[in-house]
Amino acid sequence: MEGFDLNLINLLAILVAAWLGGAVARRLGYPAILGELLIGIVLGPGLLGWLEYTESIRVLSEVGIILLMAYIGIEIDFRDLKKASWPGFMAAIGGFLVPFIFGFLIIQWFGGTAISGLFVGIAVGVTSLATKSRILIDLKLLNTRVAYILMAGALVSDTLALLVFAGIMSFAEPGSLDLVGLVIVVGKAVAFFVVTITIGLYVLPKLGRYLSRLKFRNSTFYFTILLIITFGYAELAELAGMHSILGAFMAGLFIKDNLFPKNISKEVNKTFYDVSIGFMAPIFFVSAGFFVSVSVFQTDLPMLIIIILMAVIAKIIGTALFYLPTGNGWREGITIGAGMNGRGAVEIIIAGIGLEMGIIDQNIFSILVFMAIFTTMTVPFLLKWTTDWLRRRGELVLVSRRSGYLILGVNPLSIRIASHLKEQASVSLMDSNMDTVKYAKEAGYRCIHGNALKEEVMAEAGAGSFETFIGMTENTEVNILAVHLAVESFQIPQNHVVVSRSESGAGMDMLERNNATSMFAAGIDINYWMNRIRNDEFVEELVDLEEKTGAREWVKKMRTREEPLLPLLIVDHSGKKRLFNYGAIIEPGEKVVVLK
C-alpha cells in the first residue's frame, strides 16, 4: 500500500495559494475557481513546481469534488426546474446540444476515440452558474427577461449535462458489451435512480421528521447525518457502476431546508458550504491545475484554438437557433447564448474524471481547462456588448416579477418616505427594535422584527420578491452591509442607502461594488431630520425643474440656500414618484419633493 504522507507544509501552501488566487479572481469580478486553476497551473509541477501533488492531496481532492457536487445539488431546487420557462428550457437544450455535437466531431476529426469525444462534448456543453448573479448585478440586468432566462437555462443545462454524463459512465468502463451485459448496465443505472429518488422522496423526509421529534439541538450531529447521506449516495453510484459524483449530486437534490429543524438548518447548510466550497473544493481546483500542460500552446495549438472558438460560437449559435421558436427574437437568443458561455466546476470535474480514467489524455484535459478559463472570462464582455445592443434597439425587456420597497430602519424619516411610496407600490419595513416595529405596524405597515444582517430575517421579510431595498438606519455601515446581503443573497436589483454626513468613506467601495447609490444624493445628518419630523418642525414642498439635471448637481446648487433642504422623491409628469438618489436624472418639467 502506498504511504499516506499528509505533508502539512504542502497542504498549507495549496490552501494559501487557493485563497490568494480566488481572492484576486473575485476582485476582478470572476468566480474563485478561475483564480484557483490559474494559480495551480503557475505554482504546480507544470511551471514553477512549488506545489506538489501527493497522495494526501489526491484523497482530499476526491472528497472535495464529492462535497462540491452535493452542494451543487443542494443549490438546485426541483421547483426551480419545474418553473424553468419554455424559453429557458429551449436555451438550455440548444446551448448544450450544439456544442456537445461539435465537441464530439472535432475530437473525432483529430483522431480521438468516440468515448473521449463524448467527454469533450459534455465539457464544452456545460454552462456554469457560478458567475451569473454577480455579472447580472454588475450589468444591472436582474429585472430583465434575459436574467430570468439565463438562470433557468444554466440550471437546466448543468442538470442535463450530468444526466448525459451518467449515461456515458454506464458504458465507459465495460467497453464491448453483449446483449446481456447491456441489459445489466442499463438495469443498474435505472436501479440507481429508482433507489436514490425513492429514498430522497420518502425515506429522508421521514428521517427528518423523526430527528425533529428527538429535539436534538446539536448542529454537529445534523452535519454528520448530512455527510452520511452524501457519502451513502456516492457509494450507491459506485455500486451501480457510475461515478460517485452522480450519487453526491443526487444526495444534494434531496438535502433541503425542511430535512432538519428550521432553527438549525441554516447553520448546518452554512457549515457544509464552508467545508465544501471554502476548504475541500479549492484543493481540487488548485491540484487540477497541476495536470495542465502549457506545452499544448506548441504541440496542439490548432486543436486548442478550434475547441475554444467552437465552444464560444456553438454555444451562442446553438442557443440562438433553439431560442427562435420562443418568439422573443434572434437577437435576444444571441444575448442569452453569450451569457451562457461560461464554464466552471462541473466541466472541470468531468474533465478530471476523464483524465483519471484514461479516457482523455493530459493534452485534451489541458485544452479543456484553458477553454473553461477563456470562455468564462469572455462572459462579462460579451453579455455587456449584447445587452447594450438590445438596449439601443429598445429590445431589452423588463419583467415585473419583482415589485415594491423593502426599507431597513423604522424612524420618522423612513415612515415619511414610505407614506409616499405606498401610494403606488407595496412597502415593508424591518427593524431590530420591537417598539419601533410595533409603531410601524400601528401605522399600517408590514414590519419584520429582527437583525437585517441575518439572511433568515431577510428571507422572512420576503426580500427575494422586492425590486428595491433601502437602508435607512442611523448607522451607515449597517446600511451598506445590509445592501450587500440584499444583493448577494436575494439579487434585489435596485439598492439605496442613507449615508451619514460624517462618513469617512470606509465601506463605500462595497456600496459601489453592489451598484448601490446613496439616498438624497449626498451624506446627511439623519438625526437632525428625524427630530424635525418628529417635532413637526418641517414643511414639505414641490420644487419644479425647468431643465434636465443630475440629482448630485441639483443638490450642489441647492446648498447655496441658507435654509437646510432634504430632497426625498422625484415626481414625473404622470405623478409617479421615484427615489431621489445619487444616480437619478431629473427631466424638465418634473418636480422634486423636498423637506425644509
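In this report, we go over the structure that sits alongside the text.

Parameters and conventions
- Residues numbered from 1 in each chain as written.
- Predicted model: local features only at pLDDT ≥ 70, side-chain atom pairs only at ≥ 80, totals over all residues.
- Heavy atoms only, no water.
- Helix = DSSP H or I, 4+ residues; strand = E, 2+ residues; numbered from the N terminus.
- Contact = heavy atoms within 4.5 Å.
- Phe/Tyr/Trp six-rings, centres within 6.5 Å; stacked < 30°, edge-to-face > 60°.
- Buried < 20%, exposed > 50% of the residue type's maximum accessible area, 1.4 Å probe, protein only.
- Pairing = 2+ DSSP bridges.
- Axes fitted to C-alpha atoms, helices over the stretch in contact; angles between N-to-C directions.
- Salt bridge = Lys/Arg side-chain N within 4 Å of Asp/Glu carboxyl O.
- Left-handed = near helix turned anticlockwise from the far one by under 90°.
- Nonpolar A, V, L, I, M, F, W, Y, C, P; charged D, E, K, R; others polar.
- Core = buried A, V, L, I, M, F, W, Y, C linked by side-chain atoms within 4.5 Å.

**Observations concerning the overall build of the protein**
Across its full length, the protein holds 24 helices and twelve strands. Partitioning the contacts of the protein with sequence separation of at least 6, the portion at a separation of at least 24 is 75%.

**Concerning the packing of aromatic side chains**
On inspection of all chains with the given rule, the structure shows 14 aromatic pairs. Plain terms: the ring middles of tryptophan 86 and phenylalanine 89 are 6.4 Å apart, the flat faces sit at 25° to each other, and that makes the pair stacked. Highlighted residues: tryptophan 86 and phenylalanine 89, both in helix α5 (residues 86-109), separated by three residues, approximately one helical turn. Overall, phenylalanine 89 belongs to the partly exposed group, its relative accessible area being 37%. With 5.8 Å between their ring centres and 85° between their planes, phenylalanine 119 and phenylalanine 165 make a pair best called edge-to-face. Of this pair, phenylalanine 119 sits in helix α6 (residues 114-125) while phenylalanine 165 is found in helix α8 (residues 145-172), placing the two residues 46 residues apart along the sequence. For phenylalanine 119, a relative accessible area of 1% gives the class buried. Classification of phenylalanine 165 by relative accessible area gives buried; the value is 0%.

**Looking at the sheet that holds strand β6 (residues 517-518)**
One open sheet accounts for six strands, arranged β3-β2-β1-β4-β5-β6; its pairing is parallel. Two strands close off the open sheet at either side, each with one partner strand: β3 (446-449) and β6. The strands that helix α21 (residues 476-490) touches are β1 (405-408), β4 (468-471) and β5 (494-497); relative to β5, the one it contacts most, it runs at about 170°.

**Notes on the pattern of salt bridges**
Tallied over the full model, the rule gives 14 salt bridges. The shortest N-O distance in the salt bridge between glutamate 541 and lysine 596 comes to 3.0 Å. Note that glutamate 541 is positioned in strand β7 (residues 540-544) and lysine 596 in the segment after β12 (591-595), a separation of 55 residues in sequence. A relative accessible area of 32% means that glutamate 541 is categorised as partly exposed. Judged by its relative accessible area of 16%, lysine 596 falls in the buried class. For lysine 591, the salt bridge goes to aspartate 544, with nearest N and O atoms at 2.3 Å. Separated by 47 residues along the polypeptide, lysine 591 in strand β12 and aspartate 544 in strand β7 bring together distant segments of the chain. Residue classification places lysine 591 among the partly exposed residues on the basis of a relative accessible area of 30%. Connected through shared salt-bridge partners, Glu55, Arg58 and Glu62 make up one network.

**Considerations on the packing of α5 against helix α14 (residues 301-323)**
Running from amino to carboxyl end, α5 crosses α14 at an angle of 145°, the nearest separation of the two axes being 7 Å. For the crossing formed where α5 meets α14, the hand is right-handed. Taken together, the residues of the contact of α5 with α14 sort by class into 17 nonpolar, five polar and one charged.

**Section: the sheet that holds β12**
In space, the four strands of this open sheet follow the order β7-β12-β9-β10, with antiparallel pairing throughout. On the outer flanks of this sheet lie β7 and β10 (577-579), each paired with one strand and no other. Put simply, the sheet's adjacent strands are angled 35° from each other on average, direction ignored. Pairing geometry for strand β9 (residues 566-571) and β10, over three bridges, is antiparallel. Bridging from a neighbouring strand, valine 571 pairs with lysine 577 of β10. Strands β7, β9, β10 and β12 of the sheet are contacted by helix α18 (residues 412-421), whose axis makes an angle of about 10° with β9.

**Overview of the pairing of β9**
The buried fraction of β9 amounts to six of the six residues, a majority that puts the element mostly inside the structure. Note: β9 against β12, five bridges, orientation antiparallel. If you follow leucine 566 over to β12, its bridge partner there is leucine 595. As consecutive antiparallel partners, β9 and β10 are separated by five residues, and within that stretch glycine 575 has a phi angle of approximately 95°, a positive value.

**Here's the deal with the nonpolar core**
Within the largest apolar cluster, 101 residues are counted, with the highest numbers of intra-cluster contacts made by Phe165, Ile348 and Leu368. Considering each element in turn, this core owes the most residues, eleven residues, to helix α3 (residues 55-75). Dropping the residues within four chain positions of it, isoleucine 348 is found in contact with Ile33, Leu37, Phe284, Phe285, Ala288, Phe365, Val369 and Ala372. In this structure, Ile407, Leu421, Met519 and Val593 belong to the second largest nonpolar core, which totals 32 residues.

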